[in-house]
Amino acid sequence: MPGFRKMAAALATCLVLSLIGSAADAGGPLFVRDTGAAYVWSTAAPISYRTDNGPLSASIDEATARARVLGMFDVWQNVATSSISYGRAGFINPTGAFVGGDVDTLDEFNDVSTDCNNGNQSPIIYDADASIFIALGADETSLIGFAGACALDATQIISGSAMMNGLFQDGLSAPVPDLTTAEFDAAIVHELGHFSGLDHSQVNVNCLGFCGTDDLTGLPTMFPLLIDVSQGVLAPDDIAWISRLYPQTTGGTTFANTHGTITGIVFFSDGESHAQFVNVIARKVDTGANEDRKTAISSLSGIKFANLLGNPINDPFGSSFGSLDPGDIGLFEIPVPAGSYTVEVEPIDPGFTGASSIGSFFDELGRAPPPMPGTAPAPIGPIAVAAGATVSGNNVTLIGTDPRFDQFEGP
Ligand SMILES: [Zn+2]
């Protein structure tokens, strides 16, 4: 399952603590069905979660932690254009070796995780001294938390979990310097995005280096790394995607009366073969206030399509999620607030591997994302998007890709 690291000088990859195997999707949903539709929680009732009956850290008690978790879920629940909501059902239920109280040993963690994998409860676990992170082989000095779905049925997410590393909040400078409260909560809001079914988004990737104020405004909470405390506030990308997965359909502010959708296909240079795993970004047209940096929403091409279909001999971690419709291979569908946009493409940053990956590259082998074939053309647009409208045919043809083997075949 995806985890969240504090940005460090070296963008190290992370060990993956996967409950479900490889995630199959990106720039939006974390898992897709064989129809290409996203796995989402039911919104018929608030999503029910349970919290650890123990301290978050040596200096943060259970009651304080519980209140903070509530506030972090509220960040997502308060999106006006989304219907997602959450409710705390109580403390984590006893199961197996876990008899209740603080989940603070590996055996207890494993039994609670098994119960989650069986779809019985959705635990939010505090690892006060990081002893469980360490027992799992995670790097407790850089991994702030991890989260994801535990169990899926045919169409929906039915349980999920999140894990929080208390070393970043224990008031001690060693072995890990503390994050501020707001920084730590920003990281866990990101984890609760995964819990909710969201994958990472790559927008304003220049923020790995220089990042201006307007770049930060557009930097998603679901960016693979914690770069700035401002990620505790959702960016337009986060708002668009949580609303796309859980659209608010009633009341004055619905997804359909605020957002539209830009679709297209990324092609190789032949203008015919679909290119998958290219990062596509819709940026609002700049009218003088740097709107292009502040309002930008991304998706990979081909997120509906099955990817990394493994074989059990040399690729045991291959994913079987996603559709097999060839028309989905290069397809992108990006939800945007109504307005005028350009569309540009770029490669997935090669540093985003393992638990920091975008798309299906999150696997135990730590594989690098595939490079984008050829080079990016100039951004296309402007594309006017009205609320409730889908503007299709915004195709992007990459420049200078290698020819296909079959290009000289007869009809
Ligand atoms: Zn993450």
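### What to know about unusual backbone geometry
Between A174 and the following residue, P175, the backbone shows a cis peptide bond with an omega angle of 0°. Looking at where P175 falls in the secondary structure, it is placed in the loop between β7 (156–165) and α4 (181–195). Residue P382 follows G381 across a cis peptide bond; omega there is 5°. Even without being glycine, N204 reaches a positive phi, approximately 55°. Within the element layout of this structure, N204 appears in the loop between α4 and α5 (213–218). Positive phi, close to 55°, is recorded for N290, a residue that is not glycine. Looking at the secondary structure, you find N290 in the loop between β10 (279–284) and α7 (291–294). For N290, a relative accessible area of 34% puts it in the partly exposed group.

### Points about the state of the cysteines
Put plainly, a disulfide is one covalent bond tying together the sulfur atoms of two cysteines. The full count for this structure, using the stated rule, is two disulfides. Here C116 is linked by a disulfide to C150, with a sulfur-sulfur distance of 1.9 Å. Across the disulfide from C116 to C150, rotation about the S-S bond amounts to roughly 90°, and the bridge is consequently right-handed. One end of the pair, C116, is in helix α2 (residues 106–117); the other, C150, is in strand β6 (residues 143–152), and 34 residues separate them in sequence. For the protein, the bonded cysteines connect in the pattern 1-2, 3-4 when numbered consecutively along the sequence.

### Structural notes on helix α6 (residues 236–245)
In terms of residue burial, α6 counts as a mostly covered element, since eight of its ten residues are buried. Along α6, the residues that are buried comprise P236, D237, D238, A240, W241, I242, S243 and L245.

### Considering the confidence of the model for the protein
Per-chain confidence: the protein averages 88 in pLDDT, with 87% of residues scoring 70 or above. Within the model, the stretch residues 6–26 combines pLDDT values under 50 with 86 contacts to residues more than four positions away or in other chains.

Basis of the calculations
Residues numbered from 1 in each chain as written. Predicted model: local features only at pLDDT ≥ 70, side-chain atom pairs only at ≥ 80, totals over all residues. Heavy atoms only, no water. Helix = DSSP H or I, 4+ residues; strand = E, 2+ residues; numbered from the N terminus. Buried < 20%, exposed > 50% of the residue type's maximum accessible area, 1.4 Å probe, protein only. Disulfide = S-S within 2.5 Å. pLDDT = per-residue confidence, 0-100. Contact = heavy atoms within 4.5 Å.

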